[in-house]
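Coordinates in review
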Amino acid sequence: MATGARPFLLLAFWTMAAPARSPGEEGDGGWRRREPGAPAVVAEEERCTVERRADLSYAEFVQHYAFSRPVILQGLTDNSKFRAQCSRERLLASFADSMVRLSTANTYSYQKVDLPFQEYVEQMLHPQNPFSMGNDTLYFFGDNNLTEWAPLFRHYSPPPFGLLGTTAAYSFGIAGAGSGVPFHWHGPGFSEVIYGRKRWFLYPPERTPEFHPNKTTLAWLRDTYPALAPSARPLECTVQAGEVLYFPDRWWHATLNLDISVFISTFLS
């Protein structure tokens, strides 16, 4: 297993009753906490260098992307029901007292901290301090409790593209603006943004990026990225809500949440 690889749980699912929608639920799900007119923590890239496909067949996926390069997939599944269940109000109503396990936002993610979900949502989703180190930064991604969180995921429809000989495992997360995971690699997978936006930086296996494993992605973007020659820059793109990014096996990748983001990954192993 690669440095930075993490175990993930196979999840089962349930159906929740759909309460009446609250204001903001259909747009940002109640997650956006930045005041109108306030500057964004990080902007999107000047030019997306990852291809977007809205009409991709499985044969094309295998031939052109599955083993060779990342791609952003659009319109493959309808996750509107899952998205509705992931609003801030509904998640707090269902999981406020549930304990969640947070991981440090560095390449190795050695440290784990448990705290109630409501405390995480209300106190720890503030914008990332650009000067904090990765081992001082905690957020919720993966390490989902199978029994407590499985019911939420019954509504999720994963991307329909699999790889022979692999099994899918899900990882769910919520993170504040400016947070993210530094460069690491593992097996292939899909990552879907439910609310918010997530900016990705990707290098093929043969090109090890220049990074410090205990510096946050935000610090890397500030300190290292500007000095990279154009030929040394990664593939990059901001994945919008409802889009799915696929990354092949062993591709280096780092992520940066541009807003408070809710996301789910499907890892193939």
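Residues numbered from 1 in each chain as written. Predicted model: local features only at pLDDT ≥ 70, side-chain atom pairs only at ≥ 80, totals over all residues. Heavy atoms only, no water.

1. What about the overall build of the protein?
Under the convention used in this document: Numbered from the N terminus, helices here are DSSP runs of H or I no shorter than four residues, and strands are runs of E no shorter than two. Throughout, exposure labels follow a simple rule: accessible area from a 1.4 Å probe, protein chains only, divided by the maximum for the residue type, with under 20% read as buried, over 50% as exposed, and the rest as partly exposed. Throughout, a contact is declared for two residues whenever any of their heavy atoms are within 4.5 Å. Only the protein chains shown count as cover for residues, and all accessible areas are computed by the Shrake-Rupley method using a 1.4 Å probe.
Counting secondary structure elements, the protein contains six helices and 12 strands. Here the protein, with 269 residues, has 52% of them falling under the buried criterion. Contacts in the protein between residues at least 24 apart in sequence constitute 85% of all its contacts with a sequence separation of at least 6. Taken as a whole, the protein presents about 12,300 Å² of accessible surface, with 53% of it coming from carbon and sulfur.

2. A short note on the sheet that holds strand β8 (residues 197–203)
Where we set the bar: Following DSSP output, two strands are said to pair if at least two bridges run between them. Lines are fitted to the C-alpha atoms to define the axes, a helix being fitted only along its stretch in contact, and any angle between axes, read from their N-to-C directions, falls within 0 to 180 degrees.
Spatially, β9-β8-β11 is the arrangement adopted by the three strands of the open sheet, whose pairing is antiparallel. What marks the edges here is a single partner per strand, and that holds for β9 (235–240) and β11 (252–257). Sheet twist, expressed as the average angle between the axes of neighbouring strands with direction ignored, equals 20°. Inspection of the sheet shows β8 paired to β11 by six bridges, in the antiparallel sense.

3. Describing the pattern of salt bridges
Pairing is possible between side chains of opposite charge, provided their charged atoms come close. Rule in force here: By convention in these notes, a salt bridge is any Lys or Arg side-chain nitrogen within 4 Å of a carboxyl oxygen on Asp or Glu.
A complete count under the given rule lists 13 salt bridges for this structure. One salt bridge connects R199 with E45, and the closest N-O pair in it is separated by 3.8 Å. A residue pair is termed long-range when its members are at least 10 positions apart, and R199 in strand β8 and E45 in the segment before β1 (52–53) qualify at 154 residues. The buried category is assigned to R199, whose relative accessible area is 5%. Classification of E45 by relative accessible area gives buried; the value is 11%. Here R250 makes a salt bridge to D249, at a shortest N to O gap of 4.0 Å. Classification of R250 as partly exposed rests on a relative accessible area of 47%. Judged by relative accessible area, which is 40%, D249 ranks as partly exposed. A single salt-bridge network, built from bridges that share partners, covers R32, E44, R197 and D259.

4. What to know about the sheet that holds strand β2 (residues 71–73)
Reading across the sheet, the nine strands line up as β1-β2-β10-β7-β12-β6-β5-β3-β4 and stay open at both edges, with mixed pairing between neighbours. Two strands in the sheet have a free side with no partner beyond their single neighbour: β1 and β4 (112–116). In the sheet, strand β7 (residues 189–195) pairs with strand β12 (residues 261–268) via six bridges, with the strands oriented antiparallel. Bridged to V193 within β12 is F263.

5. Regarding a nonpolar patch on the surface
Counted only if it meets this: Surface patches are defined over residues having more than 30% relative accessible area and no salt bridge, joining like charges when they lie within 9 Å and nonpolar side chains (Val, Leu, Ile, Met, Phe, Trp, Tyr) when within 5 Å.
On the surface, a nonpolar cluster with roughly 300 Å² of combined accessible area is contributed by Y58, V62 and F67. By secondary structure assignment, the location of V62 is in helix α1 (residues 58–64). Overall, V62 belongs to the partly exposed group, its relative accessible area being 30%.

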